[in-house]
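A structural walkthrough
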Amino acid sequence: MRRGHCLALVVDPTRPPLEVLQSIIDNAAAVIFIKHEDGRYLLVNRRFEELFHVSRREILGKADRDLFSKEQADVLRANDLRVLREDRPIELDEAVTQDDGLHQYISLKFPLHDPQGHGYALCGISTDVTQRKRESDELRRSHSLLEATLESTADGILVVDRAGNIVRFNRRFATIWSIPEHVLASNDDNAALAFVLDQLAEPDLFLDRVRELYGQPEASSFDVVTFRNGRVLERYSQPQRAGGEVVGRVWSFRDVTDRVRAEEHRDRLLAGERRARAEAEEAVRVRDEFLSVASHELRTPLASLSLAMQGLEHGLETMEPSRVRWAIGLAARQVKRLGQLVDTLLDVSRIHAGKLEIHREDVDLAAIARDVATQFADEAARHKTTISVDGDASVVGSWDGFRLEQIVTNLVSNALKFGEGRPVSLSLTTDGTTARLVVRDRGVGIRPEVRSRLFERFSRGVSARHYGGLGLGLYITRVLVEAHGGRIDVTSEPGEGSSFIVELPVASKP
Amino acid sequence: MSRVVCIIDDDKDIRDAIRFVLEMEGFEVCEAADGAEGLARMREDRRIGLVLLDLMMPKMSGWEFRKRQLEDPELASVPVCVLSGGARVADDAAALAADHYIVKPADRMDLLQTVRRALLCDEDA
């Protein structure tokens with residue numbers, strides 16, 4: 001509908017058109033005025049009268065300088081002259097002082113022409129934008145604050161809408177996720193997401209959590225995101241609300257890799273320290289137990305020796321010569337036992353210092369086995385049993401005879417000690433490459449759980465409450481066998497005895 | 001007054017050495033190689049007035065022997081002297097409620113004094 005028709009419908013032809021116009025402009029919220037080209041007011045509306053406390057009668061013939069300060073009046077006049085000069089409507093920012101201070105206006109000013117087309121006057125429609133401008137300034141400040149905060153935080157921030165589309169992110173977000181410029185510039189959410197997922201150790205878990213939260217728009221979240229390269233981010237999220245309604249979600253990513261690595265490093269150090277302390281405590285306990293056992297082992301022959309010597313000293317004058325010889329034999333046996341104990345301790349010391357030496361020569365293991373069996377005949381008799389040697393009559397190899405005797409001695413001594421008075425047998429065989437010695441007893445046997453540590457230092461297959469000994473015999477035996485390039489093993493059934501199997505290469509390795 | 005001493009020790013040499021010293025002084029000695037044998041000796045010979053007890057023995061240890069001895073009213077009152085080379089002989093003797101203890105290597109005079117005191121025949125002591 002055209003404006004002309006509209007006016008034709010509402011204008012009463014009996015009334016002068018100026019009154020109708022005055023009525024319309026009086027009811028407008030804007031300030032409306034007409035000024036002559038020389039600056040005098042020709043017409044103002046009611047809003048003008050109210051704001052500037054002047055009636056339309058009083059204003060007629062007056063100019064801006066009569067109403068406003070000189071500075072304000074000069075600006076208004078300059079604007080008016082510009083409109084007349086350029087002869088076109090112009091929108092202008094203007095400021096005038098009112099009762100409650102300075103007000104900002106946007107004024108649309110346009111020239112009015114006489115029938116000859118001369119701009120003799122101008123009309124102005126001024127809208128008070130003071131409040132709107134104040135709000136707009138406030139909004140600008142808030143926005144600037146938000147921008148500054150967003151960019152100065154150490155966290156990567158990502159804002160998405162309810163559908164998960166990217167709304168905003170800060171530079172830190174792009175840095176943390178190493179998203180290249182071209183991906184950022186493309187505004188392609190899927191490309192950015194693909195770039196993110198590609199770096200993650202568990203991308204599915206990451207997506208599951210995101211999807212879960214789309215279903216719970218009100219929820220906050222916290223979880224930890226691990227990169228394939230070991231970096232660790234903490235991920236927080238909060239719903240973004242506008243007018244009480246959730247419109248999206250703000251994700252915040254904090255790089256905690258350094259902290260997590262420091263914590264892991266600290267945990268590793270602590271665990272290492274605890275392990276080292278436990279090992280040190282165990283070493284001290286083993287050493288104390290060993291010293292206690294060693295002391296006991298040394299004191300027993302020492303006690304027999306001491307009592308035999310003191311008894312001899314006391315009764316030498318009156319004792320039968322056979323009794324004296326018996327006591328001297330007892331004492332000599334203790335000296336030998338003490339010597340063997342000291343040798344054992346020295347061997348351990350040598351092994352520990354890596355100074356155990358093997359002097360190879362042609363040695364007959366079968367002959368050594370027979371010798372040891374003979375040496376232990378008395379001991380076997382004390383245990384009310386016997387030692388037998390069978391198999392090949394001669395088993396010759398390149399070995400250290402002294403150390404081989406020690407190996408056989410240790411095994412036979414153990415077999416008697418744990419043999420419960422039942423026969424001990426030694427068996428020797430060779431296939432020309434490897435010599436094999438089996439020392440078998442039919443005694444207490446060895447529980448499977450202690451078999452693996454049987455050949456370790458200070459280890460014993462049975463309680464120290466029942467059987468003495470340094471707990472070094474099988475350790476030294478194993479070291480001696482291995483020094484010859486051989487191996488030692490044991491088979492056993494508790495209650496049925498044990499078989500110790502020694503295998504030695506006949507020729508020494510070059 | 002008993003002059004019979006029972007030595008319970010798995011080491012034949014130490015039994016021989018103690019017997020050597022005690023018999024020279026006129027004590028009667030019997031031997032056992034472990035706790036179980038010791039209990040058997042005590043039941044066989046009620047004249048035993050003192051047990052010299054080693055702790056570390058196969059089959060039945062000195063600890064087990066002492067427990068069984070105290071459980072048996074016939075044997076419980078026989079005094080026991082712990083004989084050990086361990087580092088904690090005094091603690092072990094106290095834990096076993098033993099009347100006496102001797103630390104190996106034993107001195108002949110200490111041994112005799114302890115035996116005489118235990119048998120209440122303070123001839124030299």
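Predicted, not measured: the structure shown is a model, and the values here were computed from it.

How each quantity is defined
Residues numbered from 1 in each chain as written. Chains lettered and ligands numbered in written order. Predicted model: local features only at pLDDT ≥ 70, side-chain atom pairs only at ≥ 80, totals over all residues. Heavy atoms only, no water. Helix = DSSP H or I, 4+ residues; strand = E, 2+ residues; numbered from the N terminus. Buried < 20%, exposed > 50% of the residue type's maximum accessible area, 1.4 Å probe, protein only. Contact = heavy atoms within 4.5 Å. Areas by Shrake-Rupley, 256 points an atom, 1.4 Å probe, with all protein chains shown as cover. 1 Å grid on protein atoms, 1.4 Å probe; cavity = no way out; pocket = protein on both sides within 12 Å on 5 of 7 lines; lining within 4 Å. Points joined across faces, edges and corners; volume = space filled by probe spheres on them. Nonpolar A, V, L, I, M, F, W, Y, C, P; charged D, E, K, R; others polar. Core = buried A, V, L, I, M, F, W, Y, C linked by side-chain atoms within 4.5 Å. Arc of directions from axis to C-beta. Buried area = accessible area lost by both parts, 1.4 Å probe. Salt bridge = Lys/Arg side-chain N within 4 Å of Asp/Glu carboxyl O.

1. Observations concerning the overall build of chain A
- Assigned secondary structure in chain A consists of 17 helices and 17 strands.
- When burial is assessed residue by residue, chain A has 39% of its 510 residues classed as buried.
- Once local pairs closer than 6 in sequence are excluded, the contacts in chain A between residues at least 24 apart make up 53%.
- Total accessible area on chain A stands at roughly 29300 Å², and carbon and sulfur atoms take up 54% of it.

2. Let's talk about the overall build of chain B
- When helices and strands are counted, chain B shows five helices and five strands.
- The order of α-helices and β-strands along chain B, N terminus first, is β-α-β-α-β-α-β-α-β-α.
- Looking at the 125 residues of chain B, the share that counts as buried comes to 60%.
- Excluding contacts between residues fewer than 6 apart, the proportion of contacts in chain B whose partners are at least 24 apart in sequence is 60%.
- Accessible area for chain B stands at about 5100 Å²; split by element, carbon and sulfur atoms hold 48% of it.

3. A word on empty space enclosed by the protein
All names here are of chain A.
- For the coordinates displayed, the defined rule picks out two cavities of 30 Å³ or more.
- Volume-wise, the largest cavity comes out at about 130 Å³.
- Phe-33, Leu-76, Glu-94, Val-96 and Ser-126 are, among the 15 residues lining the largest cavity, the residues nearest its centre.
- Put simply, the parts of the chain that give the lining of the largest cavity at least two residues each are β1 (31–36), α3 (46–52), β3 (90–98) and β4 (101–113).
- Its residues placed into classes, the lining of the largest cavity shows nine nonpolar, two polar and four charged.
- For the second largest cavity, the calculated volume is near 70 Å³.
- Lining the second largest cavity we find Asp-161, Arg-162, Leu-213, Tyr-214, Pro-217, Val-246, Gly-248 and Arg-249.
- Mapped by element, the contributors of at least two residues to the lining of the second largest cavity are α10 (203–214) and β10 (245–255).

4. A look at the nonpolar core
- With 49 residues, the main nonpolar core has Leu-365 and Ile-387 of chain A as its most contacted residues.
- By residue number, the principal contributor to this core is helix α15 (residues 401–417) of chain A, which donates seven residues.
- Leave out the neighbours within four places in its chain, and Ile-387 of chain A touches Ala-373, Phe-376, Ala-380, Val-412, Leu-416, Val-424 and Leu-426 of chain A.
- Core analysis: the second largest hydrophobic core is formed by 27 residues, Leu-83, Ile-102, Leu-112 and Leu-119 of chain B among them.

5. Focus: helix α3 (residues 62–71) of chain B
Residues and elements named next belong to chain B.
- Taken as a whole, α3 has its buried residues at Gly-62, Trp-63, Phe-65, Arg-66 and Gln-69. Projection of α3 onto a plane perpendicular to its axis shows the buried side chains occupying an angular sector of 160°, all on one side.
- For α3, the secondary structure elements touched by its buried residues are β1 (4–8), α2 (35–44), β3 (48–53), β4 (80–84) and α4 (89–95).

6. Notes on the interface of chain B and chain A
- Contact residues are listed per partner, giving 33 residues for chain B and 31 residues for chain A.
- Here chain B meets chain A over a buried area of about 2700 Å², counting both sides, of which 62% is carbon and sulfur.
- On the chain B side of the contact with chain A, Asp-13, Phe-20 and Met-56 of chain B bury the most area, a combined 26% of that side's loss.
- In this assembly, chain B and chain A are joined by four salt bridges.
- For Arg-323 of chain A, the salt bridge is made with Glu-23 of chain B, and the minimal N-O distance between the two is 3.6 Å.

7. Remarks on unusual backbone geometry
- At the junction of Lys-104 of chain B and Pro-105 of chain B, the peptide bond is cis and its omega measures out at 0° in the coordinates.
- Here Pro-105 of chain B lies in the loop between β5 (100–103) and α5 (108–118).
- Positioned with a positive phi, Ser-178 of chain A is a non-glycine residue whose angle comes to about 50°.
- Tracing the backbone through its elements, the reader meets Ser-178 of chain A in the loop between α7 (171–176) and α8 (181–186).
- Note on Ser-178 of chain A: relative accessible area 41%, which makes it partly exposed.
- The backbone of Glu-420 of chain A sits at a positive phi, close to 50°, despite the residue not being glycine.
- As for its position among the elements, Glu-420 of chain A is in the loop between α15 and β14 (424–430).

8. Overview of the pattern of salt bridges
Residues and elements named next belong to chain A.
- For the structure shown, the criterion picks out 58 salt bridges over all chains.
- Where Glu-482 meets Arg-478, a salt bridge forms, and the shortest distance between an N and an O atom there is 3.1 Å. With Glu-482 and Arg-478 both in helix α17 (residues 473–483), this residue pair falls four residues apart, about one helical turn.
- Taking the relative accessible area as the measure of exposure, Arg-478 reaches 18% and is therefore buried.

Taken by themselves, the reported measurements are silent on function.
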